[in-house]
Structures are given as C-alpha cells and as structure tokens.
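Listed here are the chains, written in short residue letters.
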Amino acid sequence: MKIKGLTDEDFVNYKKPSMFIIFPFCSFKCEKESGVMCCQNSSLAHAKIIDISEEKLILRYLDNPITKAIVCGGLEPMDSFDEL
C-alpha cells in the first residue's frame, strides 16, 4: 500500500483517538476547476511516498489500545482508490 504518512495516535481529525492515514495521490481538481493555486497540501504533494503492507497497517491499528477509529486523509483518498 502506498501512503505519504501515518500517525498512529491522532487526536485532531476525529472525535475519538484515531489512526490517521495520509493518502498519496490527488488529481488537483480544486486548482484545475478554479484556475487558482489553492492547495493547502502542496508541500505534502512533494513528500516521499512510503510503501507499507496492509497487514502491518492492520496490526499497528489492532495492537494500539488507544485508537478507536481510522481517518483517511492527506491528499485525496478517492484519488487513491486502490490504496483506499
């Protein structure tokens, strides 16, 4: 699985402690449609892509007693459909 990053215990993006998976791809539809460079994640777009196995990701989540949810964020999870 290709990701841009992973936070095992995130307390900001959901009401419960979550694993935050940063997805790697985006079509930059917002910028294309508006004609304005407006991406809030432009630095993330240039970050290195990380390979992690689905099994390792699942075990990290299940072995963590703090996290109660998974948040899919980063660039655009729906543009990373295979990873999602």
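Residues numbered from 1 in each chain as written. Predicted model: local features only at pLDDT ≥ 70, side-chain atom pairs only at ≥ 80, totals over all residues. Heavy atoms only, no water.

Q: Can you walk me through the nonpolar core in this structure?
A: Where a protein is soluble and globular, its nonpolar side chains tend to be buried together. Residues Met 1, Ile 3, Met 19, Ile 21, Phe 23, Ile 52 and Leu 57 constitute the largest nonpolar core, which totals seven residues. Here this core takes three residues from strand β3 (residues 18-23), the largest share from any one element. Non-local contacts of Leu 57, meaning those with residues more than four positions away in its chain, are made with Met 1, Leu 6, Met 19, Ile 21 and Ile 52. Core analysis: the second largest hydrophobic core is formed by five residues, Phe 20, Ile 22, Leu 44 and Val 71 among them. (Core = buried A, V, L, I, M, F, W, Y, C linked by side-chain atoms within 4.5 Å. Buried < 20%, exposed > 50% of the residue type's maximum accessible area, 1.4 Å probe, protein only. Helix = DSSP H or I, 4+ residues; strand = E, 2+ residues; numbered from the N terminus. Contact = heavy atoms within 4.5 Å.)

Q: Looking at this structure, I do not really get the pairing of β3. What am I missing?
A: The two faces of a sheet get side chains in turn, since along a regular strand they alternate between them. Taken across its six residues, β3 has six buried, putting it largely inside the fold. Along β3, one buried face is formed by Ser 18, Phe 20 and Ile 22 and the opposite face, lined by Met 19, Ile 21 and Phe 23, is buried too. Bridging between strand β2 (residues 5-10) and β3 involves four bridges; their strand directions are antiparallel. Bridge pairing in β3 links Asp 10 to Ser 18. Across six bridges, β3 lies against strand β5 (residues 69-74) in parallel orientation. (Pairing = 2+ DSSP bridges.)

Q: Got a minute to help me understand the layout of surface pockets in this structure?
A: Summary: where empty space remains is shown by rolling a probe the size of a single water molecule over the atoms. Each pocket or cavity is described by its volume, and for the largest pocket that value is around 220 Å³. Per-element tally for the lining of the largest pocket: the top contributor is helix α1 (residues 29-34), with three residues. Partitioned by chemical class, the residues of the lining of the largest pocket number six nonpolar, four polar and four charged. If you add up the space inside the second largest pocket, you get close to 170 Å³. Lining the second largest pocket are Met 1, Met 19, Ile 21, Phe 23, Glu 54, Leu 57, Ile 58, Tyr 61, Ile 70, Cys 72, Glu 83 and Leu 84. Among the secondary structure elements, those contributing two or more residues to the lining of the second largest pocket are β3, α3 (54-62) and β5. Of the residues assigned to the lining of the second largest pocket, the class counts are ten nonpolar, no polar and two charged. (1 Å grid on protein atoms, 1.4 Å probe; cavity = no way out; pocket = protein on both sides within 12 Å on 5 of 7 lines; lining within 4 Å. Points joined across faces, edges and corners; volume = space filled by probe spheres on them. Nonpolar A, V, L, I, M, F, W, Y, C, P; charged D, E, K, R; others polar.)

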